Each structure stands twice: as structure tokens, then as C-alpha cells.
Amino acid sequence: MGNGWKTKPKAGILLSTLLLFALISLLSYSTLTRHFITATAALKTERLYRAKTMRELFLVYYFTLPDAAKEKGQVDFSQGNCKFEKVSEQLILTIELEKQNFHFTVSKTELTKLSQRFKDNKKSVSY
């Protein structure tokens, strides 16, 4: 009993070290995974809001187009582009933003409401 223990140690230090290393690795992996998921979700949310903003900007631009150009075309923005096509009373928008595509459909009723609102605002604004 030279070391003060009643029983002889059997690989206790090595096993404790390995268990501590495994626990720290597991906690670090869990933290990094959560951070990655949060960062990815934030990036996707930001892109979605930018695509929705591009959609709204395009709809304002759409009502300034001549009738012949309202069937199909493409509009370039500084962050991406918007392809549009009018199919059976609906406007199909495909917005490409940072190599990711967003698809929007604008119904006939929504187009009518937006058109009326645009005409009303155009009358009240002087250039």
C-alpha cells in the first residue's frame, strides 16, 4: 500500500483520458453542428427574402412593359435574374439568385389588383 489505494489501479488513467477526450469531442461536434445548421438556415432565409424583394421589384417593372413584351422574357438585376412567362392567365416567375432558383406564381386576380394599384399610384406621382 505504497500509493494509498486499497486496490491496485487497472488502466484507470488511460481509460479516464479516453472517456474525457470522447466527451469533449462529442460536445464540440454537437456545438459545431448546431452552429452550421443555424448559419445555413440564416443564409437560406436571407436568400428567400432577397428573392421575394426581387419578385416585388419585377412586378413593378412588369406593368411598365408594352403588351407584346408581357408574355415571356428575362430581367437582370444586380444580384441575379428573373425569367417570366405568362401561362393561361398566370405569371410564372423563376428567380435565379446565387445559383439557387426560386419559383413564384402570380395569379390573374393578384395581377389585376397590382395593376390597379400601380395605375392609381402612377396618377398621383408627378415626374
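Per-chain numbering applies: the sequence of each chain, read as written, is numbered from 1 onward. The predicted nature of this model means local features are confined to residues of pLDDT at least 70 and side-chain atom pairs, given and counted, to a pLDDT of 80 or more, with totals for whole chains, interfaces and linings taken over all residues. Calculation of side-chain values draws on the structure's entire complement of heavy atoms; hydrogens and water are dropped beforehand.

**A closer look at the environment of T105**
Helix and strand definitions here come from DSSP, where helices need a minimum of 4 consecutive H or I residues and strands a minimum of 2 consecutive E residues; each element is numbered from the N-terminal end. When you line up the elements, T105 lands in strand β4 (residues 100-106). Throughout this description, buried means an accessible area under 20% of the type-specific maximum (1.4 Å probe, protein chains only), exposed means over 50%, and partly exposed covers the range between. T105 sits in the partly exposed class, given a relative accessible area of 47%. Taking the C-alpha atoms as reference points, T105 and F84, separated by 21 residues in sequence, lie 9.7 Å from one another.

**Details of the pattern of salt bridges**
Salt bridges are identified by distance alone: a Lys or Arg side-chain nitrogen within 4 Å of an Asp or Glu carboxyl oxygen. Under the counting rule described, the total for this entry stands at 6 salt bridges. The closest approach of N and O atoms between R55 and E110, which form a salt bridge, is 2.9 Å. With R55 in helix α1 (residues 12-62) and E110 in helix α2 (residues 108-124), the pair connects residues that are 55 residues apart, well separated along the chain. R55 sits in the buried class, given a relative accessible area of 11%.

**What about the environment of Q74?**
With respect to the helices, strands and loops of the structure, Q74 is situated in strand β1 (residues 72-76). Residues Q74 and F58 lie 16 residues apart in sequence; the distance between their C-alpha atoms is 9.9 Å. In this analysis, two residues are considered to be in contact whenever any of their non-hydrogen atoms come within 4.5 Å of each other. In this structure, Q74 is in contact with N81, C82, K83 and F84, ignoring residues within four places of it in sequence.

**Considering the pairing of β4**
Should DSSP find at least two bridges between two strands, the strands are regarded as paired. Relative to β4, strand β3 (residues 90-97) runs antiparallel, the two sharing 7 bridges. Bridge pairing in β4 links L93 to F104. Between the antiparallel neighbours β3 and β4 lie 2 residues, among them E98 with a positive phi of about 50°.

**Thoughts on the nonpolar core**
Definition used in this section: a nonpolar core is a set of buried Ala, Val, Leu, Ile, Met, Phe, Trp, Tyr and Cys residues joined via side-chain atoms within 4.5 Å. Judged by nonpolar contacts, the single largest core of 19 residues is most densely connected at F58, Y62, F84, L91 and L93. Mapped onto this core, the elements with two or more residues apiece are α1, β2 (80-87), β3, β4 and α2. The biggest single contributor to this core is α1, with 5 residues. Ignoring any residue separated from it by four or fewer positions in sequence, one finds Y62 in contact with K70, F84, K86, L91 and L111.

Functional significance is not addressed by these values, which are geometric in nature.
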